[in-house]
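Breakdown of the fold
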Amino acid sequence: MDVVDIDHVALRVRDVDRALEFYHDLLGMAIRDRDRFETGEVPYVAVVAGGRHLHLVPTDDPIDVGGEHVCLLLRSDGTGTRAEIDALLDDLRAAGVEVEADEPHERYGAYGRDWAAYVRDPDGRRVELKLH
């Protein structure tokens, strides 16, 4: 048996609505399973990127996001330039999202080296936004 892909990653969140404002409203990720969450059928609301799900699981427990991060690949109608990611970061800052100092940088990932920037989600988790 071989691991062939990732189905989902579960992220604990303090407030599902605030998390959805970040992942759905600001980043444009589609929402799945909200109705099943609201009826108690599943313990999460999912957001989707490229068929992979992030399960946003509400908790009242403390959330230690220490050294973890999630990397989300970005595509646009443009050319994937520094100017494009700078404009995105300006929009996120204007919406109150914390962008780490001195971002963006070119970084390596699964698809090679491209512009990327670290921001923080509403729970303080590092989210790497990487052009591809």
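Residues numbered from 1 in each chain as written. Predicted model: local features only at pLDDT ≥ 70, side-chain atom pairs only at ≥ 80, totals over all residues. Heavy atoms only, no water.

1. Here's the deal with the packing of aromatic side chains
Taken as a whole, this structure holds one aromatic pair when the rule is applied. Measuring from centroid to centroid gives 4.8 Å for phenylalanine 22 and tyrosine 23, while their planes differ by 90°, and the two rings are edge-to-face. Classification of tyrosine 23 as buried rests on a relative accessible area of 0%. Between the NZ or CZ atom of arginine 126 and the centre of the ring of tyrosine 118, over which it lies, the distance is 3.6 Å. (Phe/Tyr/Trp six-rings, centres within 6.5 Å; stacked < 30°, edge-to-face > 60°. Buried < 20%, exposed > 50% of the residue type's maximum accessible area, 1.4 Å probe, protein only. Lys NZ or Arg CZ within 6 Å of the ring centre and 35° of its normal.)

2. Concerning the nonpolar core
Counting residues in hydrophobic clusters, the biggest one holds 26 residues, and the most contacted among them are Tyr23, Leu54, Leu56, Leu72 and Val119. If you list the elements that add at least two residues to this core, you get β1 (8–13), α1 (16–26), β3 (45–49), β4 (52–58), β5 (69–74), α3 (82–94), β7 (112–120) and β8 (126–131). In terms of residues, this core owes the most to one element, α1, which gives five residues. (Core = buried A, V, L, I, M, F, W, Y, C linked by side-chain atoms within 4.5 Å. Helix = DSSP H or I, 4+ residues; strand = E, 2+ residues; numbered from the N terminus.)

3. A short note on the pattern of salt bridges
Counted under the stated rule, the structure contains 15 salt bridges. With a closest N to O distance of 2.8 Å, arginine 36 and aspartate 33 form a salt bridge. A salt bridge links arginine 126 to glutamate 100, with the shortest nitrogen-to-oxygen separation between them at 2.8 Å. You can see arginine 126 sitting in strand β8 and its partner glutamate 100 sitting in the loop between α3 and β6 (105–109), a full 26 residues away along the chain. Residue classification places arginine 126 among the partly exposed positions, given a relative accessible area of 23%. Looking at glutamate 100, the relative accessible area reads 16%, which means it is buried. Sharing partners across several salt bridges, the network here consists of Asp17, Arg34 and Glu38. (Salt bridge = Lys/Arg side-chain N within 4 Å of Asp/Glu carboxyl O.)

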